[in-house]
Structure formats: C-alpha cells, structure tokens
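Structural characterization, general
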Amino acid sequence: MGSSTTKHLLTEDLIEDYTSLTYLNKGEIYYLMKKFHSIDPEKVNSNFSHRFSQADIVKKFDVLKTNPFQDRIFKVFSSQNDNCFSFEDLLDLCSVMSADCPSDVKAAWAFRIFDIDEDNQISAQDISKILDRLTWDPDNRHHCLDHHSKAKIAKIILEEIKLDFSGGIGLSEFTFILSRIPEFSSSFYFRL
C-alpha cells in the first residue's frame, strides 16, 4: 500500500484536474487517496471508481463519526445517491469543508444538508429536525427539546430570516444570511 501505489493511481494530469476543480492542494489530495486506498487496496487498484459504503468511509474518517448530520452528508455528497462514496465524492466533501472553500459555496452545500425534506426550502419542519439532531442526547432520550419549544424556535427563526415570505428559507436567503455570519466558514469546516 505505499505512497508509490497512491501516486500511481493519481497521475499528474489527474492531480492537476483535481486541484483545479476543488479547493484542495496536491498534498491534501494525496493524503485523501492514501486514506481512501487503505480501506481496501485491492478494490481501489482494480477499480479507481470503486464506491465504499458509509460505514467503511466513517471508519477511516473520524471527523464523520459523531457528526449529527452524517446521514445527510452522505445523501448530499453521494454522486450515485446510494450513500456510498467514490474517491471523487470524498474529494467533493473535503473540498467544501476545506478552509479555502468560499463561503457562498459552503452555504450552497450547507443548504442541501439542512434541507432535510429536500423541498428546496428550509421549513419549520426542517428546523425542528435540525434542532433534534443538535440537542438530542443519545444517553438520555428524555433530555431534548419538546415539540412546543422547537416550534417556537422555528417560528422565530423563520420570522427573522425569511425575506420573500414563502413560508421557508430558500437558497438565496440562506446564502445571504450566512454571508452576514463571519463564523460560518470556520464552523462549516474540518481539518484533514
């Protein structure tokens, strides 16, 4: 499994393509290939486009293990909508989560993750589900926000944010709001 195998899989032309299409540098791309390849070298060697299951990816990438939006991340970044990742799917995710990714690009992907019912709006129902994910205590199922509290929070958020009065937050509103929050880029990030 050494770096020579990884470098053999990633030709200079392919590396150039990946660096021009992502916000990752060559070292980060090599690092990601090394980790991806280590899941099952034989499968990657025989098929560069092999797709690994969510469980396989999570085992190698600790940053995803405890993420409350893990299922949504796999749903959104899986190019085949199969909750599996190819190397390029992994690159897409890591590119968006890199420090060099522009805030508006991060916001567009965050919108897709938070639009849980996938209706192109973040509604009160989506906000309630987001709150569940952020506040649910797996060790104490009774330690979470009640329905009334979640509905009240969702109502306040929607009243404060919605600009077009459509009943939900659209992508343009979401991007605009996040552009006003300087901490967004640094919190929608993970280190490789």
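Residues numbered from 1 in each chain as written. Predicted model: local features only at pLDDT ≥ 70, side-chain atom pairs only at ≥ 80, totals over all residues. Heavy atoms only, no water.

If you look the protein up in an unreviewed UniProt entry, it shows as EF-hand domain-containing protein from Leptosia nina.

Before going further, it helps to spend a moment on the overall build of the protein. Looking only at helices and strands, the protein features 12 helices and 2 strands. In sequence order, the secondary structure elements of the protein are arranged as α-α-α-α-β-α-α-β-α-α-α-α-α-α. Overall, the C-alpha framework of the protein stretches about 55 × 35 × 25 Å when taken along its three principal axes. Expressed as a percentage of the 192 residues in the protein, the buried residues total 38%. Partitioning the contacts of the protein with sequence separation of at least 6, the portion at a separation of at least 24 is 56%. Only carbon and sulfur atoms are counted for the fraction: they give 52% of the accessible area of the protein, which is about 11,000 Å². The distance from the centre of the 22 positive side-chain charges to the centre of the 30 negative ones in the protein is 4 Å. (Helix = DSSP H or I, 4+ residues; strand = E, 2+ residues; numbered from the N terminus. Buried < 20%, exposed > 50% of the residue type's maximum accessible area, 1.4 Å probe, protein only. Contact = heavy atoms within 4.5 Å. Areas by Shrake-Rupley, 256 points an atom, 1.4 Å probe, with all protein chains shown as cover. Lys, Arg positive; Asp, Glu negative; His and termini not counted. Charge placed at Lys NZ, Arg CZ, Asp CG, Glu CD.)

On to the UniProt feature "domain: EF-hand" (unreviewed entry) in the protein. Listed under "domain: EF-hand" (unreviewed entry) in the UniProt record, and renumbered for this structure, are residues 102–137. Across residues 102–137, helical content stands at 67% and strand content at 0%; the span's end C-alpha atoms are separated by 33 Å. (UniProt positions renumbered as here; feature names shortened; annotations may be inferred.)

This part covers the packing of aromatic side chains. Geometry of an aromatic ring pair is reported as the spacing of the ring centres plus the angle between the planes. Per the stated rule, a full pass over the model turns up 10 aromatic pairs. Seen from their ring centres, phenylalanine 69 and phenylalanine 114 are 5.1 Å apart, and the 70 degrees between their planes marks the pair as edge-to-face. Within this pair, whereas phenylalanine 69 is found in the loop between helix H5 (54–60) and helix H6 (70–77), its partner phenylalanine 114 is found in helix H8 (residues 103–114), the two being separated by 45 residues in sequence. Phenylalanine 114 carries the same exposure label as phenylalanine 69, and that label is buried. (Phe/Tyr/Trp six-rings, centres within 6.5 Å; stacked < 30°, edge-to-face > 60°.)

What follows covers the environment of valine 96. Tracing the chain through its elements places valine 96 in helix H7 (residues 87–96). Owing to a relative accessible area of 4%, valine 96 belongs among the buried residues under this scheme. The spatial distance from the C-alpha of valine 96 to the C-alpha of glycine 170 is 20 Å, given a sequence separation of 74 residues.

Turning to the packing of helix H9 (residues 124–135) against helix H10 (residues 147–161), a few remarks are in order. The geometry of H9 relative to H10 is characterised by a closest axis approach of 9 Å and an angle of 125 degrees between their N-to-C directions. When the axis of H9 is compared with that of H10, the two are oblique. Relative to H10, the crossing made by H9 is right-handed. Here Ala124, Ile127, Ser128, Leu131 and Asp132 of H9 come into contact with H10, specifically with Lys150, Ile153, Ala154, Ile157 and Leu158. Among the residues forming the contact of H9 with H10, the class breakdown is 7 nonpolar, 1 polar and 2 charged. (Axes fitted to C-alpha atoms, helices over the stretch in contact; angles between N-to-C directions. Parallel < 35°, antiparallel > 145°, perpendicular 65-115°, else oblique. Left-handed = near helix turned anticlockwise from the far one by under 90°. Nonpolar A, V, L, I, M, F, W, Y, C, P; charged D, E, K, R; others polar.)

It is worth spelling out the nonpolar core at this point. Counting 49 residues, the largest nonpolar core has Phe36, Ile57 and Phe87 as the members making the most contacts within it. Beyond its immediate sequence surroundings of up to four residues, phenylalanine 87 is in contact with Leu10, Tyr18, Ile29, Leu32, Met33, Phe36, Phe48 and His50. (Core = buried A, V, L, I, M, F, W, Y, C linked by side-chain atoms within 4.5 Å.)

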